[in-house]
Amino acid sequence: MTPKKLSQPRKWWDRLFAPSSCFAVITTVDVDGHTNAASYGTCTRVKHEPVYIAFTANVGSDTARNVTDTAEFVVNLPRFERVSLEAARVVGLPFAPGVNELEKAGLTALPSTVVKPPRILEFPRHFECRVEWTKAWAERLMVVGKVVAASVDADCVDAQGRVVWERVRPAHYCGAPYGGMFVAAYDTMAVGLPYQGPEVAEFFAREQAMFKDG
Ligand SMILES: Cc1cc2nc3c(=O)[nH]c(=O)nc-3n(C[C@H](O)[C@H](O)[C@H](O)COP(=O)(O)O)c2cc1C
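Conventions and cut-offs
Residues numbered from 1 in each chain as written. Predicted model: local features only at pLDDT ≥ 70, side-chain atom pairs only at ≥ 80, totals over all residues. Heavy atoms only, no water. Core = buried A, V, L, I, M, F, W, Y, C linked by side-chain atoms within 4.5 Å. Buried < 20%, exposed > 50% of the residue type's maximum accessible area, 1.4 Å probe, protein only. Helix = DSSP H or I, 4+ residues; strand = E, 2+ residues; numbered from the N terminus. Near = heavy atom within 4 Å. Polar contact = N/O pair within 3.5 Å; in protein donor to acceptor, adjacent residues only side chain to side chain. Nonpolar A, V, L, I, M, F, W, Y, C, P; charged D, E, K, R; others polar. Contact = heavy atoms within 4.5 Å.

Glancing now at the nonpolar core. Ranked by internal contacts, the top residues of the largest apolar core, which has 31 residues, are Ile 53, Phe 55, Val 75 and Phe 127. If one sorts the elements of this core by residue count, strand 10 (residues 140-153) sits on top with five residues. The next biggest cluster of nonpolar side chains, apart from the first, holds 14 residues, and it includes Ala 37, Leu 85, Val 91 and Leu 107.

Let us now look at helix 2 (residues 62-70). Buried within helix 2 we find Asp 62, Thr 63, Ala 64, Asn 66 and Val 67. Two residues or fewer after helix 2 comes Ala 71, characterised by a positive phi angle close to 65 degrees.

The local shell around the ligand holds 21 residues, among which Asn 36, Ser 39, Gly 41, Thr 42 and Thr 63 are the closest. Between the ligand and Glu 101, the relevant distance is 3.2 Å, taken from an oxygen atom to a side-chain nitrogen or oxygen of the residue. For the shell around the ligand, the secondary-structure elements that each account for two or more residues are strand 3 (35-40), strand 5 (52-58) and helix 2. For the shell around the ligand, the element with the highest residue contribution is strand 3, accounting for five residues. Its residues assigned to classes, the shell around the ligand shows nine nonpolar, nine polar and three charged.

This part covers the environment of Gln 160. As for its position among the elements, Gln 160 is in the loop between strand 10 and helix 5 (165-168). Among the residues examined, Gln 160 registers a relative accessible area of 45% and is labelled partly exposed. When the C-alpha positions of Gln 160 and Gly 197 are compared, they lie 31 Å apart, and in sequence the two are 37 residues distant. Those residues in contact with Gln 160, other than ones at most four positions away along the chain, are Trp 12 and Arg 15.

Now the structure itself:
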């Protein structure tokens, strides 16, 4: 069954990318519009509001070149499930420039809502990004992108835009080298704050200002 994608309002983009770091497949297009996809264990949400996402790519990779040339990318978060993660491993192979890794991996390109690179239909969460800045460093290109749209499978969030953990099942990279091992952790626990000093009120005032919509 084809999942129904729900575009999320901006106020919920931050809670959609939870936890802060997830294993991701990043899609880009080259200057001629050819789709590229690659796997990333270094993908992290680095700012809450507005939401920014960062990752590092090898200098010389198709992703690094496309991001530099077109200034757009889409972060697609797969589920912790065998078929998706095996496809993500295929996508991470060193295909020649211009090869569409989504086709090689049997994944489906779904047009994005704002940017040119496509979303990946089979993965439940998508963050459409425009490049804010890049920095070449230690043979890597550090990329920071501003999220300009986010969408999710309709059955993967509740009415407040919070992810349903059992459905999104975020996956995490499990340690070098890049291989066939992933880890998932999605137990949730509400915890108290065993401290009563003045910093507590200051903290909540700041949080409230940042997350105006709760
Ligand atoms: C699980 C996994 C995680 C990966 N994480 C990264 C990463 O964070 N940064 C990176 O540069 N390459 C990473 N790779 C390798 C790239 O996906 C791989 O080099 C890919 O061929 C780059 O494709 P491209 O040339 O189309 O951009 C990872 C691969 C796998 C399988």
